Amino acid sequence: MLSNLREEVKAAAQESKIIAGFNIFGAEDAIGVIRAAVKRNAPVFLMINKDALKLMPMKSWIDMLKPMIESLPVSIGVHLDHCSCPDTVIEGIKSGFSSVMYDGSQLPIEENIYNIRRVIEEASRYDVAVEGEIGSVPYEDIPGRAKDICTEPMELERFSDEGQMDWIAVAIGQVHRMQTRDSKISFTSLRELERHTEKPLVIHGGSGISEEDLFRLKNTGVGKINVGTALRIPFFKTLQREIKENPFVYDRDVLFEKPTLAVEIAADKILSILGFE
Ligand code: 13P
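Keep in mind it's a predicted model, so treat the numbers as computed, not measured. (Residues numbered from 1 in each chain as written. Predicted model: local features only at pLDDT ≥ 70, side-chain atom pairs only at ≥ 80, totals over all residues. Heavy atoms only, no water.)

Quick look at the site of the ligand
For clarity, the threshold we go by: For each residue, the test is whether any non-hydrogen atom lies within 4 Å of the molecule or strand; if one does, the residue is near. Within 3.5 Å is the distance limit for a polar contact, defined as a pair of N or O atoms, with the added protein rule that one can donate a hydrogen and the other accept it, and that residues adjacent in sequence qualify only through two side-chain atoms. Residue-level accessible areas treat just the shown protein chains as cover; the underlying method is Shrake-Rupley with a 1.4 Å probe. Every definition here rests on a 1 Å grid over the protein atoms only: cavities are sets of points where a 1.4 Å probe fits but cannot get out, pockets are open sets enclosed by protein on both sides within 12 Å along at least five of seven lines, and lining residues have some atom within 4 Å of a point. Whether a molecule sits in a cavity or pocket is decided by its atoms, more than half of which must lie within 2 Å of the grid points. We count a stretch as a helix when DSSP gives it H or I for four or more residues in a row; a strand needs E for two or more, and each element gets its number in order from the N terminus. Polar here means any residue outside two lists: the nonpolar Ala, Val, Leu, Ile, Met, Phe, Trp, Tyr, Cys and Pro, and the charged Asp, Glu, Lys and Arg; Gly therefore counts as polar.
As a matter of local geometry, the ligand sits amid 13 residues, with Asp81, Arg177, Ser207, Gly228 and Thr229 nearest to it. Taking histidine 204, its side chain carries an N or O atom lying 3.1 Å from an oxygen atom of the ligand. Starting from 310 Å² of accessible surface for the ligand in isolation, the protein chains cover 95%. The cavity where the ligand resides is the largest cavity. Those elements giving two or more residues to the shell around the ligand turn out to be β3 (76-83) and β8 (222-227). When the residues that make up the shell around the ligand are grouped by side-chain class, the tally is one nonpolar, ten polar and two charged.

A word on the nonpolar core
Using the following cut-off: Residues enter a nonpolar core if they are buried and are Ala, Val, Leu, Ile, Met, Phe, Trp, Tyr or Cys, with the set joined through side-chain atoms within 4.5 Å. The classification of residues rests on relative accessible area computed with a 1.4 Å probe and restricted to protein chains. Under 20% of the type maximum is buried, over 50% is exposed, and intermediate values are partly exposed. Residue contacts follow a heavy-atom distance rule, with two residues in contact if any of their heavy atoms lie within 4.5 Å.
Core analysis: the biggest nonpolar cluster contains 82 residues, and Phe22, Val33, Val100 and Leu217 have the highest contact counts within it. Excluding residues within four positions of it along the chain, phenylalanine 22 makes contact with Val33, Val44, Phe45, Leu46, Met47, Val227, Leu231, Ala267, Ile270 and Leu271.

Observations regarding the state of the cysteines
Stated formally: A pair of sulfur atoms, both from cysteines and within 2.5 Å, is called a disulfide here.
Tallied over the entire structure, the rule returns zero disulfides. Of the cysteine sulfurs around cysteine 85, a residue in no disulfide, the closest is that of cysteine 83, at 6.2 Å. The partly exposed category is assigned to cysteine 85, whose relative accessible area is 32%.

As for the layout of surface pockets
Selection rule: Grid points are joined across faces, edges and corners, and a volume is the space filled by probe spheres set on the points.
Estimated volume of the largest pocket: approximately 220 Å³. Taken together, 13 residues form the lining of the largest pocket, with Ala13, Gln14, Glu198, Lys199 and Pro200 sitting closest to its centre. Here the lining of the largest pocket gets four residues from one element, more than from any other, and that element is helix α1 (residues 6-14). Classifying every residue of the lining of the largest pocket gives four nonpolar, three polar and six charged. Quantified by volume, the second largest pocket comes out at close to 190 Å³. Lining of the second largest pocket is provided by Phe25, Gly26, Glu28, Asp29, Leu55, Arg177, Arg232, Phe235, Phe236, Arg252 and Phe256. Among the secondary structure elements, those contributing two or more residues to the lining of the second largest pocket are α2 (27-40) and α10 (229-245). Tallying contributions element by element places α10 first for the lining of the second largest pocket, with three residues.

As for the sheet that holds strand β2 (residues 44-48)
Basically, it comes down to this: Any two strands with at least two DSSP-identified bridges between them are counted as paired. Only the contacting stretch of a helix is used when fitting its axis, a line to C-alpha atoms as for every element, and angles between N-to-C directions run 0 to 180 degrees.
With parallel pairing, the eight strands of this closed barrel are ordered in space as β1-β2-β3-β4-β5-β6-β7-β8. Put simply, the sheet's adjacent strands are angled 25° from each other on average, direction ignored. Where strand β1 (residues 19-23) and β2 come together, four bridges link them in parallel fashion. Within β2, the residue paired with asparagine 23 across the bridge is methionine 47. The strands touched by α1 are β1, β2, β5 (129-134), β6 (167-170) and β8; relative to β8, the strand with the most contacts, the crossing angle is about 110°. Along the sheet, helix α4 (residues 58-69) contacts β2 and β3; its crossing angle with β3, the most-contacted strand, is approximately 155°.

Structural measurements only, silent on function.
Right under this line is the structure:
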């Protein structure tokens, strides 16, 4: 069933679990994630980012995903990921996303707070959960897309107190879109940040985090982790192999079967690490 997962993220931040948010770019990777979520009985977010919005408008994503999840035995969130325009986030809220991220991380804190409060006012009318970000997580392969700024504890405290959001994404050394798992996570910074907010924390750039660090993160105030590249790679590597091995097959259902399974296996592994055994 569709859910804003507000309670699940809050509970995960207090327990030895983390709720995964998986970026998806089409029906096949959504199906792979959903199968893994059902198998593990794990609530998950299907996340739509601005690259996915180049493929289909918001309303079409919602219209495609809602029927896929409404009769499932597990709660699934449909989340608008990394959206830096408040009006677009509000459009997302009205379109039917169950949670949204307003990303004001590149702005001065005053503007970040002002904009997220506008978003929250609208979100509360629709019972949509809101994620904010303070500090900034860079991108490995897109220099300049976001700054590299570790979250300052006092800024987190102010953002948390004045912003009224549900969860807060923080920067503690992780990097988006890494193809290897060697982010340098600062657990010292994380422990310090935890002392400045009661709200669940969110970690972006989950693909670059080692298994060992993911296990450690479960026992912190982190309630949600975003994972994109760790599913994109198995999906497209498998698809490339399928096309090479079957040069005269032109049937989508045949060529996409193994890539969908590859996403399911990758998501399943991540969910098991995150506490859904
Ligand atoms: P990765 O692609 O590095 O896992 O990051 C995903 C993400 O943080 C989306 O918000």
